[in-house]
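# Analysis of the macromolecular model
Here is what each chain is made of, one letter per residue.
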Amino acid sequence: MNQSLRVSASPHVRDARSTTKVMLDVIIALVPAGVVGVVAFGMQALVLILAAVAACLLTELICQKAVKRTVTISDLSAVVTGILIAYNMPHTAEWWQVVIVSAFSIAVCKQLFGGIGCNFVNPALIARVVAQISWPMSVSTFYLDGVSGATPLTVMKGGAMPEQSILDMFLGTNMPGCIGEISALALLVGGVYLVVRGVIKINTPVAYVATVAVFVAIYGACTGRDVLNYTLAQVLGGGLMLGAIFMATDYVTAPMTGKGQIIFGVGCGLLTSVIRLFGGYPEGVSYSILIMNIVTPLIDKWTAPRIYGTVKEVKQNG
Amino acid sequence: MKALTFKGGVHPLHKLHEGKPLAQNAALKEYAAATVVLPMSQHIGAPCTPCVEVGDEVLMGQVVGTPGGFVSAPIHASVSGKVVAVEPRPHLSGKDVMAVVIENDFRDALDPSVKPKGTVDSLSAEEIRQIILDAGIVGMGGAAFPTHVKYALKPDQKADYLILNGAECEPYLTSDHRTMIETPERVVEGARLLLKASGAPVCKIGIENNKPDAIKAIREAAKPYKDIEVVELMTKYPQGGEKQLIKAVTGREVPRGGLPIAAGCIVSNVSTAAATADAVLKGLPLVKRAVTVTGAVNTPCNLVLRFGTSYEDAINQAGGFKGDPKKVISGGPMMGFAVNRLDIPVTKGTSGLTVFSAAEDVETKESNCIRCGRCVSVCPIGLQPFKLDAASRKKDVEVLKQCDVMSCINCGCCTYVCPAKRNLAQNIALGKGVYTQATKKK
């Protein structure tokens, strides 16, 4: 017997992709939106991003140490959660608010359920919702250059059209809003990167955005608005891009199959449109995705692939 | 024509040596070892019983092990010489298995039974099947299922297709490839014989399109025969899996739990066909096969080895280890068995030996499933490996049943792609055991 030879089960080769590399790709994809946010809102935005990331990492470390689990902060998933939490906050939020919701999100939403892969709802969105419930004013009031400004969605909720141009909304210039959501272009760049790298499929983002666009266009036409501008403003002027590209595509809490992802995207789109147009909030992305997260196991069950050889009639003379 | 394929699968070769198998261009080379160890179990089914004794002089091609049942195949002396031992010896299975050990006299003196048996036209299907049985031919793609059993159809069974597997989808291995380009006439003659034995109207030879030279050579050799067609397959693992091959070539699926014949197909390897041609046209029973010795060896090559050659002798023929070996795999990197000793003999199912150095053998650590769905998208059977993995670990028989654990072909695509580096295929294989045990009890 040769002791130096290692024996293990097949296969003996592995693809290079790892959880850490996937998370790193997501972080890279999030960079453009962060840069736009810091440029638009200043260093306070960067402080919040760093505070959220640090709080997430530290909470994960403490939780895992406390229950003597393997520490897995090096998989970078907590970094992604931290960045997304900060991106969903206005730059005027207090750093301690961000730290509290980050800690809550990692401890309660992720680690209590067993850590990465075990949470059933998106931790970053839970953080967003906790903040909204805890400090409704400070996280839904937006300032730009020191002046309080309404987001395009809030303006449209009031029945008017936003003062920003569609181009502003696309580029993220002259836009009040959450740190990471203002530039559709920056988010799209990140999205394209993720698709090219094979990290996400386009199914969910396209289904989500298209559903909102169609629903809003029909609503706009029925209520006698400028359909094109109204639709574009709805699509570009809020958190839809950030949600559709980065939150609705979360592996853990969204369906696995292509078909399932389309159903998921359409569901998110319908809920978002209904909340925005008929609900009490101007924005509905967070709640829509969270609700669809809960439906995910069901969608996965419906869209499970057909198993080879399970078709009863085999053509004998084909 | 567009290359045919199946749903799912992976491209492991792209990650290895820029997609080119190391031994691809090394011509087949004959080698006979000084001592051969012939285990009495070289196939799926009942082991053989030794029919020679220590001290006997044996001739190449002489029967040294008689079949232990219908699903079995005789074993022949792969060299001429003297029987020096009949005793249990190390075997790929990990257990010692009864073996006949022959000291080679390097005369290759043939047994009188080794003489041409006839031609496709002069022999009946029944006679061809008998020759296949007598020659000890088994499936040479790796599973080593006795070939004569596969072709012995029940009265209610009918073959619409004979499919020859020349996909050789296992990365690194090139023995079938070399066999096809160096001796295409053996493959095609074998195809004609197997076609007659099967009673099927048409034979399709499936070859992956990364082997254009093999496609050309076989097409050329098959030109005179209208009932033999070469089918170009997409290069993708596991294209050579029986079920995937049938799907790609015929569009049919083997019903769950059934054999290929349930879909009107019989599948054999191209090397099995070549061995059949030798058995009928030359009368030579199965005593040797093409084996790729590759990876971290000094001269990756394709050897025609007598059965019973030790892995050590085979690796020495490839110039020995290049650096310190970390892993020696019987077969290829996707489905091969890692071994921890080199005195195991090459047998009828040994298609290759792959050596990994410490740099190539990446040890991985499992982490939580992140539900990325990659295992689901690559599974060529349409299973949900992540779910089966979890159920296997929990021994949850209900979920194992629901998710159809027994349909898994253990191709390893799921483990290959898993970013959390979970040993999915390994656990699912264990889950099959759990399920079988649980259902047996009832």
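Residues numbered from 1 in each chain as written. Chains lettered and ligands numbered in written order. Predicted model: local features only at pLDDT ≥ 70, side-chain atom pairs only at ≥ 80, totals over all residues. Heavy atoms only, no water.

## Section: the overall build of chain B
Broken down by element type, chain B carries 13 helices and 17 strands. Relative to its length of 442 residues, chain B is compact, with a C-alpha radius of gyration of 21 Å against a globular reference of 22 Å. The dimensions of chain B, computed from C-alpha atoms along their principal axes, are 65 × 50 × 50 Å. Expressed as a percentage of its 442 residues, the buried residues of chain B come to 59%. Sequence-distant contacts, at least 24 apart, represent 73% of the contacts inside chain B between residues at least 6 apart. Just so you have it, chain B exposes about 17200 Å², and 54% of that area is on carbon and sulfur atoms. If the 53 positive side-chain charges of chain B are averaged to one point and the 44 negative ones to another, these points end up 8 Å apart. (Helix = DSSP H or I, 4+ residues; strand = E, 2+ residues; numbered from the N terminus. Rg over C-alpha atoms; globule rule 2.2 N^0.38 Å. Buried < 20%, exposed > 50% of the residue type's maximum accessible area, 1.4 Å probe, protein only. Contact = heavy atoms within 4.5 Å. Areas by Shrake-Rupley, 256 points an atom, 1.4 Å probe, with all protein chains shown as cover. Lys, Arg positive; Asp, Glu negative; His and termini not counted. Charge placed at Lys NZ, Arg CZ, Asp CG, Glu CD.)

## Topic: a nonpolar patch on the surface
There is a patch of nonpolar side chains on the surface, built from F104(A), V108(A), L112(A), F113(A), F120(A) and I294(A) and spanning about 590 Å² of accessible area. Among the structural elements, L112(A) can be located in the loop between α4 (95-110) and α5 (123-134). (Patch = residues over 30% accessible without salt bridge, like charges linked within 9 Å, V, L, I, M, F, W, Y side chains within 5 Å. Salt bridge = Lys/Arg side-chain N within 4 Å of Asp/Glu carboxyl O.)

## Concerning the sheet that holds strand β3 (residues 49-50) of chain B
Strand pairing within a sheet occurs via backbone hydrogen bonds; the two strands may be parallel or antiparallel. Pairing is antiparallel in the open sheet, where three strands are placed in the order β3-β5-β6 (chain B). One side of each edge strand has no neighbouring strand; the edge strands of this open sheet are β3 and β6 (75-76) of chain B. (Pairing = 2+ DSSP bridges.)

## Quick notes on the side chain of K327(B)
Of note, K327(B) is situated in strand β15 (residues 325-330). By relative accessible area, K327(B) is classed as buried at 1%. A polar contact of 2.7 Å, which involves the side chain of K327(B), links it to the side chain of S8(A). Filtering out sequence-adjacent residues up to four positions away, K327(B) remains in contact with L5(A), R6(A), S8(A), H12(A), A338(B), T354(B), V355(B), F356(B) and D361(B). (Polar contact = N/O pair within 3.5 Å; in protein donor to acceptor, adjacent residues only side chain to side chain.)

## Let's talk about the sheet that holds strand β4 (residues 57-58) of chain B
The strand order β2-β8-β7-β4 (chain B) describes an open sheet built from four strands, whose pairing is antiparallel. Each edge of the sheet is formed by a strand with only one pairing partner; in this case those strands are β2 (35-39) and β4 of chain B.

## Regarding unusual backbone geometry
In this structure, P11(A) follows S10(A) across a cis peptide bond, with omega equal to -5°. Looking at where P11(A) falls in the secondary structure, it is placed in the segment before α1 (19-41). Following Y237(B), the chain continues to P238(B) via a peptide bond in cis, the omega torsion being -5°. Position of P238(B) among the secondary structure elements: in the loop between β11 (228-233) and α6 (242-250). Even without being glycine, D108(B) reaches a positive phi, approximately 50°. Residue position: D108(B) is located in the loop between β8 (96-104) and α1 (125-134). In this structure, Y172(B) is a non-glycine residue whose phi angle is positive, near 85°.

## Let's talk about the pairing of strand β7 (residues 81-90) of chain B
All names here are of chain B. As paired strands, β4 and β7 are joined by two bridges and run antiparallel to one another. Its bridge partner lying in β7, E57 is registered against K82. Here β7 pairs with β8 via nine bridges, running antiparallel. Paired with V86 across the strands is V100, a residue of β8. Between the antiparallel neighbours β7 and β8 lie five residues, among them G94 with a positive phi of about 95°.

## A look at the nonpolar core
In terms of nonpolar packing, the biggest core is built from 81 residues, with L84(A), Y87(A), Y208(A), M241(A), F246(A), F264(A) and I289(A) touching the most fellow members. Examining the composition of this core, we find that nine residues originate from one element, α1(A), more than from any other. Setting aside residues no more than four positions away along its own chain, M241(A) makes contact with A184(A), L187(A), L188(A), V209(A), V235(A), L236(A) and F246(A). Grouped together as the second largest cluster of nonpolar side chains are 75 residues, L5(A), A26(B), A274(B) and L286(B) included. (Core = buried A, V, L, I, M, F, W, Y, C linked by side-chain atoms within 4.5 Å.)

## Here's the deal with the interface of chain A and chain B
Taken residue by residue, the interface counts 44 residues in chain A and 68 residues in chain B. Between chain A and chain B, the buried area comes to about 4700 Å², and carbon and sulfur atoms account for 53% of it. Looking at the side of chain A facing chain B, the largest losses of area belong to R6(A), R14(A) and Y308(A), adding up to 20% of the total buried there. Of the charged contacts, one joins R6(A) and E363(B) as a salt bridge, the two residues approaching to 3.8 Å between their closest N and O atoms. Taken together, the links from chain A to chain B amount to 23 residue pairs in polar contact (both at pLDDT 80 or more). Of the residues belonging to the side of chain A that touches chain B, the class tally is 19 nonpolar, 18 polar and seven charged. (Buried area = accessible area lost by both parts, 1.4 Å probe. Nonpolar A, V, L, I, M, F, W, Y, C, P; charged D, E, K, R; others polar.)

## Regarding the environment of G382(B)
Within the secondary structure, G382(B) is located in the loop between α9 (374-378) and α10 (385-394). Setting aside residues no more than four positions away along its own chain, G382(B) makes contact with P305(A), R306(A) and I307(A).

## Notes on the packing of aromatic side chains
Residues and elements named next belong to chain B. Counted according to the given criterion, the structure contains six aromatic pairs over all chains. Ring centres of Y172 and F356 lie 6.1 Å apart, and the angle between their planes is 55°; on these two criteria the pair is classed as tilted. Residue Y172 is found in the loop between β9 (161-166) and α3 (175-182), and its partner F356 is found in strand β17 (residues 352-357); the two are separated by 184 residues along the sequence. On the basis of relative accessibility, which here comes to 1%, the residue F356 falls in the buried class. (Phe/Tyr/Trp six-rings, centres within 6.5 Å; stacked < 30°, edge-to-face > 60°.)

## A few points about the confidence of the model for chain B
Per-residue pLDDT for chain B has a mean of 94; in total, 97% of the residues score no lower than 70. Interface confidence in the predicted complex, given as ipTM, is 0.90; pTM for the same model is 0.92. (pLDDT = per-residue confidence, 0-100.)

## Looking at the domain arrangement of chain B
Residues and elements named next belong to chain B. Annotation of chain B at the domain level lists domain 1 (121-282) and domain 2 (374-441). Opposite the five residues of domain 1 that make contact, domain 2 presents seven residues. Summed over both partners, the interface of domain 1 with domain 2 buries about 490 Å², with 59% contributed by carbon and sulfur atoms. Three residues stand out in domain 1 for area buried against domain 2, namely Y237, Q244 and R256, and they jointly supply 67% of the buried area on that side. (Domains from an automatic or database assignment.)

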